[in-house]
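Examining the three-dimensional arrangement
The residues making up each chain are set out below.
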Amino acid sequence: FRPFATQVKPCGRLVRPVAPTRIPGRYLSHQEGLPKLPVPSLQQTCERYLAILEPIVDEEELSHTKELLAEFQKAGGVGERLQKGLERRARKTENWLSDWWLTTAYLDYRMPVVVHSSPGVVLPRLEFSDRQGQMRFAAKLIAGVLDFKTMIDNETLPVEYLGGKQLCMNQYYQVLSSCRIPGLKRDSVVNHAHRSRPPAHITVVHNFQFFVLDVYNSDGTPLTVDQLYMQLEKVWSSSLQTNKEPIGILTSNQRNSWGKAYNNLIKDKTNKDSVQAIQKSIFTVCLDAPMPCVSDELYRSRAAVQMLHGGGSRWNSGNRWFDKTLQFIIGEDGSCGLMYEHAPAEGPPIVSLIDHVVEYTKKSEMVRTPMVPLPMPLKLRFNITPEIKKDIEKAKQNMNIMVHDLDVKVIVFSHFGKNVPKTHKMSPDAFIQMGLQLAYYRMYQRCCATYESASLRMFKLGRTDTIRSCSIDSANFVKAMDDPSKQKIEKVTLLEKAVKAHRAYTDMAIHGQAIDRHLLGLKLQAIEDLTSMPEIFMDTSYAVANHYNLSTSQVPAKTDCVMCFGPVAPDGYGVCYNPMAEHINFAVSAFNSCNETNAAHMAQRLEEALLDMRMLLESTPKAKL
């Protein structure tokens, strides 16, 4: 699952290193063998939709929705017609959902990508505290990413499996040399990796100044760690001025505003060339100024916001190009991680790349290379007109508002990891999700719509569907947990039942049988057919079901890192977790502008819920259930 490339060393000094042979079509032949995403049956989705509504809407709304669904499913009615349209689309396309999903979930979305869409990843803190250490690590990291890129280019990435089934590897081919482009009403994504002359440079940004750094020698071999270090030193010493306009902060704005500013910015040829150099680059490396010092306990939470938004216009928010798919962030103070623009890929391929790179940076360094003088990295120039300056000032204000509004709490839950649920024969993911349900219920005395992402990569071009963690079974468990009239054995039975139900829904989702993308497909089919919108989509229940007070994701990694993202509802939480063998890394986010939510309280309640669940299991004698 976590691939490593074996490098062939040249035997004699005069022999030119040969790149591994490309086996054409290996990736394609693998992709061709993948099944197509199915369209679930209409009746099944309608039944399951009612079941997920039960714990989150009141009886009156539920009975109204039942009537609407009965009408929708009538033979020869609207539902059947839309279902047939969807099945036709599935026959004609490689994946009936993927284009629609990319557009509706990402490219049509007009909120800033910062906080609202792009996840960040915090890597373990590094041991350096000066710029030499920062440059040294950055050089190794770049070499590690290029090593991973070789496997992508040569199509030698080991295929991943889930439950014995091959997974779609397409997302790996979308993350490098790609970038989001703002539009006035809809964005687009451009991928330069598949051009006849793919990019051979990365962009490095320091003190808000961008540089093009060529990472391959003239014979096509990647620069060594030493060479990269020398080039980064040159970048550093030619960007010491700190009074530069933070042009990159424009990319943090609301998408329509940025689209307008973008069209204005690229009217100038110098600006257009500079922007294109950033868009075409393989990835971006952000060499950050140190952030304000905090205690060790608060460090991870501070690092998380640095990865998500850079800390505001006074700190590193201008040291980014937020539209770039992949940005590695290395601070002078040892903070390290990345952020990625979500449109081209989900978390797992990014984490796979991280695991490879982190492992690569730990290797002892290669023998020093004879130094061939390398050209100075090219500094990108921008002509700032008064209008662009005004756009930058506005973007700074908006960014600082976002920074003050986002509250992130990262905790290392050190009491146990995957080991405890496993000893009780429970899925660790389902166990953690029930902990979240319990924590939320204890805080608000109600259940809420909960989103957990499920991978659809068993299917060609598959992205995600929703695991609905809040179920009738989870509701029964959380209500019983603190009820003194209930026996422990009954609580254990309800917990086991809730965990099994979650496991079953997960299984259903990864096999393309969940309800959310199917319902979305039916809705989009109605829009495409120009028919009036079916009432089930105008219904209060549909709005409640899609208002996720808990938006969650399990992103497991070998590396002791944690991914983080903002909430998707103004009164919601974003919760991401990486379960390790004996501890769990959690990132919980909320908005300060909402009085009802508090990231630290939620993190605290989550910790208590997991401990109480373990105690319940360990203090209840094993009965024959």
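Residues numbered from 1 in each chain as written. Predicted model: local features only at pLDDT ≥ 70, side-chain atom pairs only at ≥ 80, totals over all residues. Heavy atoms only, no water.

Helices and strands together make up the secondary structure of the protein, namely 19 helices and 18 strands. For 625 residues, the compact-globule formula gives about 25 Å, and the C-alpha radius of gyration of the protein, at 25 Å, lands near that figure. Overall, the protein is about 75 × 60 × 55 Å in size when its C-alpha atoms are taken along their principal axes. Counting only residues that meet the buried cut, the protein has 57% of its 625 residues in that class. (Helix = DSSP H or I, 4+ residues; strand = E, 2+ residues; numbered from the N terminus. Rg over C-alpha atoms; globule rule 2.2 N^0.38 Å. Buried < 20%, exposed > 50% of the residue type's maximum accessible area, 1.4 Å probe, protein only.)

Within the largest apolar cluster, 91 residues are counted, with the highest numbers of intra-cluster contacts made by Tyr49, Phe477, Leu495 and Phe586. In this view, phenylalanine 477 contacts Met434, Leu438, Lys491, Leu494, Leu495, Ala498 and Met613; residues no more than four positions away in its chain are not counted. Within the second largest apolar cluster, 57 residues are counted, among which are Met169, Val225, Leu228 and Phe328. (Core = buried A, V, L, I, M, F, W, Y, C linked by side-chain atoms within 4.5 Å. Contact = heavy atoms within 4.5 Å.)

Now for the side chain of serine 335. Positionally, serine 335 belongs in the loop between strand S9 (326-331) and strand S10 (336-340). Serine 335 gets classed as buried once you look at its relative accessible area, which sits at 0%. Reaching out from serine 335, the side chain makes a polar contact with the side chain of glutamine 306 at a distance of 3.1 Å. For serine 335, the side chain forms a polar contact with the side chain of aspartate 333, separated by 2.8 Å. For serine 335, the contacting residues outside a window of four places in its chain are Tyr299, Arg302, Gln306, Met307, Ile329 and Ile330. (Polar contact = N/O pair within 3.5 Å; in protein donor to acceptor, adjacent residues only side chain to side chain.)

Time to look at a negative patch on the surface. Taken together, the side chains of Glu54, Asp58, Glu59 and Glu60 present a region of like negative charge at the surface. Topologically, glutamate 60 is positioned in helix H3 (residues 59-73). (Patch = residues over 30% accessible without salt bridge, like charges linked within 9 Å, V, L, I, M, F, W, Y side chains within 5 Å. Areas by Shrake-Rupley, 256 points an atom, 1.4 Å probe, with all protein chains shown as cover. Salt bridge = Lys/Arg side-chain N within 4 Å of Asp/Glu carboxyl O. Lys, Arg positive; Asp, Glu negative; His and termini not counted. Charge placed at Lys NZ, Arg CZ, Asp CG, Glu CD.)

Now for the packing of helix H14 (residues 428-444) against helix H19 (residues 599-619). Where H14 meets H19, the closest approach of the two axes is 8 Å, and the angle between their N-to-C directions is 120 degrees. Classed by the angle they form, the pair H14 and H19 counts as oblique. Seen from above, H14 lies across H19 with right-handed handedness. Contact residues: H14 offers Phe431, Ile432, Met434, Gly435, Leu436, Leu438, Ala439, Tyr440, Arg442 and Met443, while H19 offers His601, Met602, Arg605, Leu606, Glu608, Ala609, Leu610, Asp612, Met613, Arg614 and Leu617. Of the residues belonging to the contact of H14 with H19, the class tally is 14 nonpolar, 2 polar and 5 charged. (Axes fitted to C-alpha atoms, helices over the stretch in contact; angles between N-to-C directions. Parallel < 35°, antiparallel > 145°, perpendicular 65-115°, else oblique. Left-handed = near helix turned anticlockwise from the far one by under 90°. Nonpolar A, V, L, I, M, F, W, Y, C, P; charged D, E, K, R; others polar.)

Turning next to the confidence of the model for the protein. When pLDDT is averaged along the protein, the result is 89, and 93% of the positions lie at 70 or above. When mean pLDDT is compared element by element in the protein, H14 scores highest at 97, while helix H1 (residues 26-32) scores lowest at 70. Confidence drops under pLDDT 50 across residues 1-25; counting only partners more than four residues distant or on other chains, this segment forms 38 contacts. (pLDDT = per-residue confidence, 0-100.)

Let's shift gears to the sheet that holds strand S14 (residues 464-468). Strand pairing in a sheet takes place through backbone hydrogen bonds and is either antiparallel or parallel in direction. Taken in spatial order, the 6 strands line up as S12-S18-S17-S15-S13-S14 in an open sheet, and their pairing is mixed. The open sheet has two edge strands with one neighbour each: strand S12 (406-413) and S14. Direction aside, the axes of adjacent strands within the sheet are offset by 25 degrees on average. Bridge count between strand S13 (residues 450-455) and strand S15 (residues 550-554): 3 bridges; the pairing is parallel. Following the sheet pairing, glutamate 452 is matched in S15 by threonine 552. Sheet strands touched by helix H17 (residues 516-528): S13 and S14. Its angle to S14, the strand with the most contacts, is close to 120 degrees. In the packing of H19 onto the sheet, the strands contacted are S12, S15, strand S17 (573-579) and strand S18 (584-591), and the crossing angle to S12 comes to about 25 degrees. (Pairing = 2+ DSSP bridges.)

Counting buried residues along S12, 6 of its 8 residues qualify, which places the element largely inside the surrounding structure. Sheet analysis places S12 next to S18, joined by 8 bridges and oriented antiparallel. Looking at S18, one finds that leucine 406 is bridged to phenylalanine 591.

With that out of the way, let us pick up the pattern of salt bridges. Under the definition given, this model contains 31 salt bridges. Taking the shortest distance from any N to any O, the salt bridge between arginine 320 and aspartate 288 comes out at 2.8 Å. Here arginine 320 is found in the loop between helix H10 (296-308) and S9, whereas its partner aspartate 288 is found in strand S8 (residues 284-288), with 32 residues between them in sequence. Comparing arginine 320 with aspartate 288, the two get one shared label, buried. Taking the shortest distance from any N to any O, the salt bridge between arginine 503 and aspartate 507 comes out at 4.0 Å. Of the two residues, arginine 503 and aspartate 507 both sit in helix H16 (residues 488-510), 4 residues apart, roughly one turn of that helix.

The UniProt record annotates "active site" (unreviewed entry) at His342. With respect to the helices, strands and loops of the structure, histidine 342 is situated in the loop between S10 and helix H11 (347-362). Aside from chain neighbours lying at most four places away, what touches histidine 342 is Tyr106, Ser117, Ser118, Pro119 and Arg463. Within polar-contact distance, the side chain of histidine 342 engages the side chain of tyrosine 106 at 3.3 Å. (UniProt positions renumbered as here; feature names shortened; annotations may be inferred.)

Turning next to the packing of aromatic side chains. What describes a pair of aromatic rings is the distance from one ring centre to the other and the angle between the planes of the rings. Taken as a whole and judged by the stated rule, the model has 14 aromatic pairs. Both rings, one in phenylalanine 72 and one in phenylalanine 537, keep their centres 6.4 Å apart while their planes meet at 80 degrees; by these two values the pair is edge-to-face. With phenylalanine 72 in helix H3 and phenylalanine 537 in the loop between H17 and helix H18 (540-545), the pair connects residues that are 465 residues apart, well separated along the chain. Of the residues examined, phenylalanine 537 reaches a relative accessible area of 7% and is grouped as buried. Cluster of aromatic residues (ring-pair linked, three or more members): Phe210, Trp258, Tyr262 and Trp321. For the cation-ring pair, arginine 131 lies above tryptophan 236, with the distance from its terminal atom to the ring centre recorded as 3.9 Å. A cation sits over an aromatic face here: arginine 136 above tyrosine 229, 4.7 Å from the ring centre. (Phe/Tyr/Trp six-rings, centres within 6.5 Å; stacked < 30°, edge-to-face > 60°. Lys NZ or Arg CZ within 6 Å of the ring centre and 35° of its normal.)

Once that is clear, we can look at unusual backbone geometry. Unlike most non-glycine residues, glutamate 155 shows phi in positive territory, near 55 degrees. For glutamate 155, a relative accessible area of 9% puts it in the buried group. The backbone of lysine 425 shows a phi angle near 55 degrees, a positive value even though the residue is not glycine. Counting through the fold element by element, lysine 425 comes out in the loop between helix H13 (419-423) and H14. Classification of lysine 425 by relative accessible area gives exposed; the value is 78%.

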